[in-house]
Protein chains: 2
Amino acid sequence: MKITLNEAAEILLSQDNILILTHKSPDGDTIGSGYALCMGLRQLGKKANVVCSDEFSKKYNYIVDNAPSQDFDVKFIVSTDVADTQLLGDKLSVYADKINLCIDHHGSNTDFAEKSYVEPTAAATAQIIKKLLELMNVRIDKNIANAVFTGVCTDTGCFRYTNVTAETHRIAADMIECGADSGTINRIMFDTKSRARIEVERMVLDTMEFFADGQGALVCLTQKMLEDTGATDGDTEGIAAIPRQIEGVKVGITMREKENGIYKFSVRTSDDIDASAICANFGGGGHRAAAGCVIDGGYENAKNKMIQAATAETERGL
Amino acid sequence: MKITLNEAAEILLSQDNILILTHKSPDGDTIGSGYALCMGLRQLGKKANVVCSDEFSKKYNYIVDNAPSQDFDVKFIVSTDVADTQLLGDKLSVYADKINLCIDHHGSNTDFAEKSYVEPTAAATAQIIKKLLELMNVRIDKNIANAVFTGVCTDTGCFRYTNVTAETHRIAADMIECGADSGTINRIMFDTKSRARIEVERMVLDTMEFFADGQGALVCLTQKMLEDTGATDGDTEGIAAIPRQIEGVKVGITMREKENGIYKFSVRTSDDIDASAICANFGGGGHRAAAGCVIDGGYENAKNKMIQAATAETERGL
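Notes on the structure follow. (Residues numbered from 1 in each chain as written. Chains lettered and ligands numbered in written order. Predicted model: local features only at pLDDT ≥ 70, side-chain atom pairs only at ≥ 80, totals over all residues. Heavy atoms only, no water.)

A closer look at the interface of chain B and chain A
Moving on, step 1. Between chain B and chain A, the residue contacts involve 38 residues of the former and 37 residues of the latter.
Moving on, step 2. Across the interface of chain B and chain A, roughly 3500 Å² is buried in total on both sides, 55% from carbon and sulfur atoms.
Moving on, step 3. Among the residues of chain B in contact with chain A, B:Arg160, B:His169 and B:Arg195 are the three that bury the most area, contributing 17% of the side total.
Moving on, step 4. Scanning the region where chain B abuts chain A turns up nine salt bridges.
Moving on, step 5. A:Asp174 serves as the salt-bridge partner of B:Arg170, at 2.5 Å between the closest nitrogen and oxygen.
Moving on, step 6. Sorting elements by how many residues they give to the side of chain B that touches chain A places helix H7 (residues 166–177) of chain B first, with eight residues.
Moving on, step 7. Per-class residue counts for the side of chain B that touches chain A are 14 nonpolar, ten polar and 14 charged. (Contact = heavy atoms within 4.5 Å. Buried area = accessible area lost by both parts, 1.4 Å probe. Salt bridge = Lys/Arg side-chain N within 4 Å of Asp/Glu carboxyl O. Helix = DSSP H or I, 4+ residues; strand = E, 2+ residues; numbered from the N terminus. Nonpolar A, V, L, I, M, F, W, Y, C, P; charged D, E, K, R; others polar.)

Dropping the structure here:
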């Protein structure tokens, strides 16, 4: 059942012993939202914990360390930034049909909870949590401000993406005034690359080839690159965005080697070229500007099929 | 003479036929500030032009095209975002001792104008211009909002640097509400790299070496790389930030080949290691976190001297 944010605040005020679920492969927004809510509830004298199927990266310690786990019998379950119960992951899947309240900003939210407040125009769930805490008369202290700021800055690529609204900037301003260490948080989130990432990026750039008169660019990430550099999933995050960033490139393609000559493709487009149409040729799909698919039959075969399909779509789009 | 922003507004309201000077190698802030002021003055029925010693990059056309040059005899001269008359460049140097009003945010401003308003805590001069225009009762329309937003986002690395304050975010919010195309501007400024840039970046990464147990990293940009890729100054902007971004690196050094075995060094530090102390060894200087110097005597000689000095300072800082 859809409820208003006011109703969500009233429900939370009437509850105690609250378990807060975050999504698997946790990012800054699910962590920031979950912990901001948890710290707010504790400030009101309630018991609350944040849980996740996966471990939190150490870089979020400045948030996580402020709300060590408490001992209590769970009486109420809230999810933050979880669009679908599949995203709870293995450890939390037991809660899938027991969630009392869902706070989220994904338009694709599957309405799995007893009561839901979903605001798709919010750039981050943390943006909603900030308003929710104010409705509950929680004082936004420095720790809560750091958590909210983290959610907002990570889900907007540091205020770069088109999901940023005037409200996003106003909330960031408020959080800075409440003591958020915005400069330090931005440095941790956006200005630090692992050595493995630098190495992988260099190797991936070495594979770049252009097609469709420079309107398309393709790079490849191989298993050997991962082995040689020791790069993990975290280290290769965002690699798929690189080819499309090149001036004049409207179709950026990243192919990632799986096993047995199978390649996973990420296609990013601009200027009205349809990425999902390109990937539909190979049974894949996605959004207009970002889509994916899998092609087998070895490197040359997979690459050539993709370049052919992408070139055709680029020419159609002109 | 230092004046208040109110006084600056009153002076501008009393003047006409206004020439606005921007600094050489123009960036988003000097262009955004200059054009926002120019468009505001024209809205009040005054004549005004923006000039620069260097050409504006085409990526700023969405600003520049809104205020084509007007014909008039100059009666009043304002500089925006110019810290020192040397930064006017050759073409504008004739105005060096004729500037009536200076609007700037550099703490290092040399107070060269008849009257100056300098606000060093402003993240961008555009942030000041926005307030100035409001004091002059200019309506911030979409074009002015785009110019102000551009100044603010470019001088803060898209709201990433530590110069960002709550006011910076509030002004960004206001500009979005006044119609600024924030998403498009951020894409142009932060999400587009030239082919030459990608090439140069790859070559520079190939030269990376670590020192001081991985706490220092050094890269080199050679004349040959520039020739091979056709990279211009714009293409190498921000290269100096790369080595310090690597996890664990506290001293990031970029050496850039000049002529006759002479190298220009950019030193970026974190964690209280003093970049200006490192560069002072070679007659250079700067700030605590960013400094520069020149060392001659060829590649190996210059590199080794710098690594020795940087290692010593890193060990002192621990």
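The rest of the description comes next.
Side note on the sheet that holds strand S9 (residues 263–269) of chain A
All names here are of chain A.
Moving on, step 1. Read across the open sheet, the six strands follow the order S6-S7-S8-S9-S11-S10; overall the sheet is mixed. Each edge of the open sheet is held by one strand with a lone partner, namely strand S6 (209–211) and strand S10 (285–286).
Moving on, step 2. Its contacts with the sheet put helix H13 (residues 299–316) on S6, strand S7 (216–221), strand S8 (251–257), S9 and strand S11 (290–295), and the angle it makes with S8 is roughly 160°. (Pairing = 2+ DSSP bridges. Axes fitted to C-alpha atoms, helices over the stretch in contact; angles between N-to-C directions.)

A look at the packing of helix H2 (residues 28–43) of chain A against helix H5 (residues 125–135) of chain A
Residue and element names in this part refer to chain A.
Moving on, step 1. Two numbers describe how H2 lies on H5: the axes approach to 8 Å, and their chain directions differ by 10°. Taken together, the axis directions place H2 and H5 in an arrangement best described as roughly parallel. Here H2 contributes Asp29, Ser33, Ala36, Leu37 and Gly40 to the contact with H5, which in turn contributes Thr125, Ala126, Ile129, Leu132 and Leu133.
Moving on, step 2. Residues belonging to the contact of H2 with H5 are distributed by class as follows: six nonpolar, three polar and one charged. (Parallel < 35°, antiparallel > 145°, perpendicular 65-115°, else oblique.)

Overview of unusual backbone geometry
Moving on, step 1. One non-glycine residue, A:Asp213, lies in positive phi territory at about 55°.
Moving on, step 2. In this structure, A:Asp213 sits in the loop between S6 and S7.
Moving on, step 3. Under the relative-accessibility criterion, A:Asp213 is labelled exposed at 79%.
Moving on, step 4. Non-glycine residue B:Ala212 carries a positive phi angle of around 50°. (Buried < 20%, exposed > 50% of the residue type's maximum accessible area, 1.4 Å probe, protein only.)

A few points about the packing of aromatic side chains
Moving on, step 1. Under the definition given, this model contains seven aromatic pairs over all chains.
Moving on, step 2. Ring centres of B:Tyr35 and B:Phe56 lie 5.9 Å apart, and the angle between their planes is 75°; on these two criteria the pair is classed as edge-to-face. Taken together, the residues span a long stretch of sequence, with B:Tyr35 in helix H2 (residues 28–43) and B:Phe56 in the loop between strand S2 (48–51) and helix H3 (61–64) at a distance of 21 residues.
Moving on, step 3. Here the aromatic cluster, defined as three or more aromatic residues joined through ring pairs, consists of A:Phe149, A:Phe159, B:Phe149 and B:Phe159.
Moving on, step 4. In this structure, A:Arg195 is placed above the aromatic ring of B:Phe210, and the distance from its NZ or CZ to the ring centre is 3.4 Å. (Phe/Tyr/Trp six-rings, centres within 6.5 Å; stacked < 30°, edge-to-face > 60°. Lys NZ or Arg CZ within 6 Å of the ring centre and 35° of its normal.)

Shape descriptors only; they carry no functional weight alone.
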